[in-house]
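# Secondary and tertiary structure notes
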Amino acid sequence: MDSDDIAPIAILIDELRSEDVQLRLNAIHSIPTIALALGPDRARDELVPFLQDSIDDEDEVLLALADELGRDFEQYIGGKEYAHLLLAPLENLSSVEETLVRDKAAESLTKIAAVLSNAQIEEYCIPLLKRLSGAEWFTSRTSSAALYPAVYDRVSPAIQDDLRKGYAALGSDDTPMVRRAAAKWLGPLLLKFSDQHILSDALPIYRRLESDDQDSVRLLTVEDLIAIAGKLKQSEIKEQLLKQIRHSISDKSWRVRYMAATHFNELATAVGKEITREELIGQYVQLLKDNEAEVRTAAASQIPGFSELLEKEVILARIVPCVRDLAQDSSQHVRAALAMRISGLAPLLGREPTIEHLLPLFLQLLKDDFPEVRLNIISKLETVNDVIGIGLLSANLLPAIVELAEDKSWRVRQAIIEYIPPLAKQLGKPFFDEQLGNLCMSWLGDTVYSIREAATINLKNLTDVFGVEWSQSAIVPKVMGMGQHPNYLFRMTTVQAITIIMPSLNLDIVRSEIVESLLQLASDPIPNIRFNVAKSLEVLATAFGKTPEGKAFVQQRIIPVLEQQKNDQDADVRYFAARALQKAAVET
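Just so it is clear, the model here is predicted, and its values are computed rather than measured.

Calculation notes
- Residues numbered from 1 in each chain as written.
- Predicted model: local features only at pLDDT ≥ 70, side-chain atom pairs only at ≥ 80, totals over all residues.
- Heavy atoms only, no water.
- Helix = DSSP H or I, 4+ residues; strand = E, 2+ residues; numbered from the N terminus.
- Rg over C-alpha atoms; globule rule 2.2 N^0.38 Å.
- Buried < 20%, exposed > 50% of the residue type's maximum accessible area, 1.4 Å probe, protein only.
- Contact = heavy atoms within 4.5 Å.
- Areas by Shrake-Rupley, 256 points an atom, 1.4 Å probe, with all protein chains shown as cover.
- 1 Å grid on protein atoms, 1.4 Å probe; cavity = no way out; pocket = protein on both sides within 12 Å on 5 of 7 lines; lining within 4 Å.
- Points joined across faces, edges and corners; volume = space filled by probe spheres on them.
- Nonpolar A, V, L, I, M, F, W, Y, C, P; charged D, E, K, R; others polar.
- Expected span 1.5 Å × (residues − 1).
- Bend = angle between axes of the 7 residues up to and from the residue.
- Salt bridge = Lys/Arg side-chain N within 4 Å of Asp/Glu carboxyl O.
- Core = buried A, V, L, I, M, F, W, Y, C linked by side-chain atoms within 4.5 Å.
- Axes fitted to C-alpha atoms, helices over the stretch in contact; angles between N-to-C directions.
- Parallel < 35°, antiparallel > 145°, perpendicular 65-115°, else oblique.
- Left-handed = near helix turned anticlockwise from the far one by under 90°.
- Phe/Tyr/Trp six-rings, centres within 6.5 Å; stacked < 30°, edge-to-face > 60°.
- Patch = residues over 30% accessible without salt bridge, like charges linked within 9 Å, V, L, I, M, F, W, Y side chains within 5 Å.
- Lys, Arg positive; Asp, Glu negative; His and termini not counted.
- Charge placed at Lys NZ, Arg CZ, Asp CG, Glu CD.
- Polar contact = N/O pair within 3.5 Å; in protein donor to acceptor, adjacent residues only side chain to side chain.

So, about the overall build of the chain. Secondary structure assignment for the chain yields 40 helices and zero strands. Taken over the C-alpha trace, the chain has a radius of gyration of 33 Å; the compact-globule value for 588 residues is 25 Å, which it surpasses by more than 25%. Its C-alpha atoms put the chain at 85 × 85 × 40 Å along the principal axes. For the chain, buried positions account for 53% of its 588 residues. Contacts in the chain between residues at least 24 apart in sequence constitute 69% of all its contacts with a sequence separation of at least 6. Surface accessibility of the chain: about 26000 Å² in total, with carbon and sulfur atoms responsible for 50%.

In structure tokens, the structure reads:
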């Protein structure tokens, strides 16, 4: 064997022994390249055994190794028939103390199990699974739970019997971390069970975990409950699961109730309309009135989805009174969650009930002290508009928008700008011009760049909504007027706004209203403005240089200015002018 053959593995060994963690990380990320250089035979005989012994390292390096081995690494060692050789290093990684490494190793194990044949699964995966499940140290037992769903439906019925027993043992393990893993992976596993084994095996494991003394285990069983309910008949759910459903929804730990509230729509869908109407309405109302704000927030986010399963009369009698209370909730987060979802009730109730019951709540939330509540209501107004029209809201909408537009947090100002075009569409041109036109222009002078940028995009979107003629009279003169401002930031905003709006306009407007002022700014004393003008002229040439009329215009008015800018004293101006000339030459 010559020195060239030894080189790749020797370099890897040296780098993995380096004291520098970054160097060791880079070495791990390069193992596919090293495997390619070695060829499949040597990768199997030398590289894999070496990696198997390389688990005494920093967690960061081990995490990278676990990840690399799950990224189709079998292709470097001879293909699927040899993929089982990767199980050994991953088995070692599944037993380390760091949770992230174990989880990644378990994820990679399931990926490898997916490419193995059924015979390989029985020969290599099942013994590994039994070793992990029966290991003395809890870390291995925790990792084993993730493997059960990956292999269960790929083995013979006799082995399946053993696997169900093995999983039941994990579900009643002494260590909470193992029981937590069992609760987490029970849902995916029981989807592979036959109907008889759901009742005989999955239900007892679920019940054991659902009554666990650790709330971190119980909260994970909510998703198992949904999976089981989806596999059972209505009569079986009534017989076997109603007690557990009540337990989870009224659990003494708010974290479990929060999980139940977060997944309530999925649960209602899984148990079906009949049981939902008989049993779950009361339970849901209980969650909407929970004494923990987090639970009420999660429950509020489920309102429209859950209400779809109910009759209109039931929504009015049971859900709307709770919505009324939530609109006055002491927690701003609950009110914000409600504001985001309340509009979803309007299509379910229809016009008259919405005006009678929901409109007062919309108006109340539009005046809320917390900006996020007002923003959420405004962001979802389209749904309400479809049912009752926006006219009934417009008087209260305006003060809310103005207040948000002047909010001290620039993120709130940015969010309201993004909602203006859809709102404008609903409010109509006259109302918008009278009430919101000046506000949209004022954002162009905001102190925060992100707001000025969002304001220019907003003007383009408004041009798309109201049309070119409207833009010519309402926007272009005001924007171009800022080009004469003594403060260079205003002049810069003019250039940037025109660059964004221009493709939505036509050549006549550009020629008559825009080009003179823009070309004047090409000789502005500030280099930043000059090179932004070059960018703007590039957009102009690209947008309008395709027609004969546009070509002539670009040749006569644009190219001479760019030729002049090409000799500018500033390097950036010269660069952007040259680039624009190149683009203009291609277009014309």
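That covers the picture; the talk isn't over yet.
Another point: unusual backbone geometry. Positioned with a positive phi, Asp 72 is a non-glycine residue whose angle comes to about 55 degrees. Turning to its location among the elements, Asp 72 is positioned in the loop between helix H5 (59-69) and helix H6 (87-93). Here Asp 72 falls in the partly exposed class, since its relative accessible area comes to 46%.

Turning next to the layout of surface pockets. Considering only enclosed or pocket space, the largest pocket measures out at about 350 Å³ in volume. Broken down by secondary-structure element, the contributors of at least two residues to the lining of the largest pocket are helix H7 (99-115), helix H9 (138-144) and helix H12 (176-190). In terms of residue count, H7 provides more of the lining of the largest pocket than any other element does, six residues in total. Within the lining of the largest pocket, the residues separate by chemical class into seven nonpolar, four polar and six charged.

Between its terminal C-alpha atoms helix H37 (residues 507-521) stretches 19 Å, which fits the 21 Å expected from 15 residues at 1.5 Å a residue. The sharpest bend along H37 measures roughly 55 degrees and falls at Ile 514. Turning to H37, its buried residues are Leu 507, Ile 509, Val 510, Ile 514, Val 515, Ser 517, Leu 518, Leu 519 and Leu 521. Residues of H37 that are buried sit in contact with helix H34 (468-474), helix H35 (476-481), helix H36 (488-501), helix H38 (527-544) and helix H39 (548-565).

All chains considered together, the criterion is met by 36 salt bridges. Here Glu 549 makes a salt bridge to Arg 511, at a shortest N to O gap of 2.6 Å. Residue Glu 549 is located in helix H39, and its partner Arg 511 is located in helix H37; the two are separated by 38 residues in the primary sequence. When salt bridges that share partners are traced, they join Asp 67, Arg 71, Lys 104, Glu 107 and Lys 111 into one network.

Bringing the nonpolar core into the picture now. What tends to happen in soluble globular proteins is that the nonpolar side chains get buried as a cluster. Counting residues in hydrophobic clusters, the biggest one holds 204 residues, and the most contacted among them are Leu 241, Ile 303 and Trp 443. Ignoring any residue separated from it by four or fewer positions in sequence, one finds Leu 241 in contact with Leu 203, Tyr 206, Leu 225, Ile 228, Ala 229, Leu 232 and Glu 236.

Further remarks concern the side chain of Asp 67. For Asp 67, the location among the structural elements is in helix H5. With sequence-adjacent residues up to four places away left out, Asp 67 is seen in contact with Lys 104 and Ser 108.

With their axes 11 Å apart at the nearest point, helix H23 (residues 312-326) and helix H26 (residues 351-366) run at an angle of 15 degrees to one another. By the angle class used here, H23 and H26 are roughly parallel. Here the hand of the crossing between H23 and H26 comes out left-handed. Seen from H23, the contacting residues are Lys 312, Leu 316, Val 320, Val 323 and Arg 324; seen from H26, they are Pro 353, His 357 and Leu 361. Each residue belonging to the contact of H23 with H26 can be placed in one class, and the counts come to five nonpolar, one polar and two charged.

This brings us to the environment of Leu 69. Positionally, Leu 69 belongs in helix H5. Note: C-alpha distance between Leu 69 and Gln 556 (487 residues apart in sequence) is 62 Å. Among all residues touching Leu 69, those that are not within four sequence positions of it are Leu 51, Leu 86, Pro 89, Leu 90, Leu 93 and Ile 112.

Glancing now at the packing of aromatic side chains. Counting across every chain of the model gives 13 aromatic pairs. An angle of 65 degrees between the planes, with centres 5.0 Å apart, marks the rings of Phe 466 and Trp 470 as edge-to-face. We classify Phe 466 as buried; its relative accessible area is 12%. Ring plane angle 20 degrees and centroid distance 5.0 Å describe the contact between Phe 531 and Phe 576, whose orientation is recorded as stacked. Of this pair, Phe 531 sits in helix H38 while Phe 576 is found in helix H40 (residues 571-587), placing the two residues 45 residues apart along the sequence.

It is worth spelling out the packing of H26 against helix H28 (residues 381-388) at this point. Where H26 meets H28, the closest approach of the two axes is 10 Å, and the angle between their N-to-C directions is 145 degrees. Crossing geometry of H26 relative to H28 is assigned as left-handed. Counted together, Arg 351, Thr 354, Ile 355, Leu 359 and Phe 362 of H26 and Val 384, Val 387 and Ile 388 of H28 form the full contact between these two elements. When grouped by side-chain class, the residues that make up the contact of H26 with H28 number six nonpolar, one polar and one charged.

Below, the discussion takes up helix H19 (residues 264-271). The buried fraction of H19 amounts to six of the eight residues, a majority that puts the element mostly inside the structure. Among all positions of H19, only Phe 264, Asn 265, Leu 267, Ala 268, Ala 270 and Val 271 are buried. One or two positions beyond H19, positive phi appears at Gly 272, with a value near 95 degrees.

As a further point, take the environment of Ile 121. Counting through the fold element by element, Ile 121 comes out in helix H8 (residues 118-133). Note on Ile 121: relative accessible area 0%, which makes it buried. Taking C-alpha positions, Ile 121 is 50 Å from Lys 289, a pair spaced 168 residues apart along the chain. Once you skip the residues sitting within four places of it in the chain, Ile 121 turns out to touch Ala 113, Leu 116, Ile 126, Val 151, Arg 154 and Val 155.

On the surface, Glu 58, Asp 59, Glu 60 and Glu 97 cluster together into a patch of negative charge. Residue position: Asp 59 is located in helix H5.

What follows deals with the side chain of Arg 179. Turning to its location among the elements, Arg 179 is positioned in helix H12. The buried category is assigned to Arg 179, whose relative accessible area is 6%. Here the side chain of Arg 179 touches Asp 173 through a polar contact of 2.9 Å, landing on its backbone oxygen. With residues up to four places along the chain from it excluded, the contact list for Arg 179 reads Leu 170, Gly 171, Ser 172, Asp 173, Asp 174, Arg 208, Leu 209, Asp 212, Asp 213, Gln 214 and Val 217.

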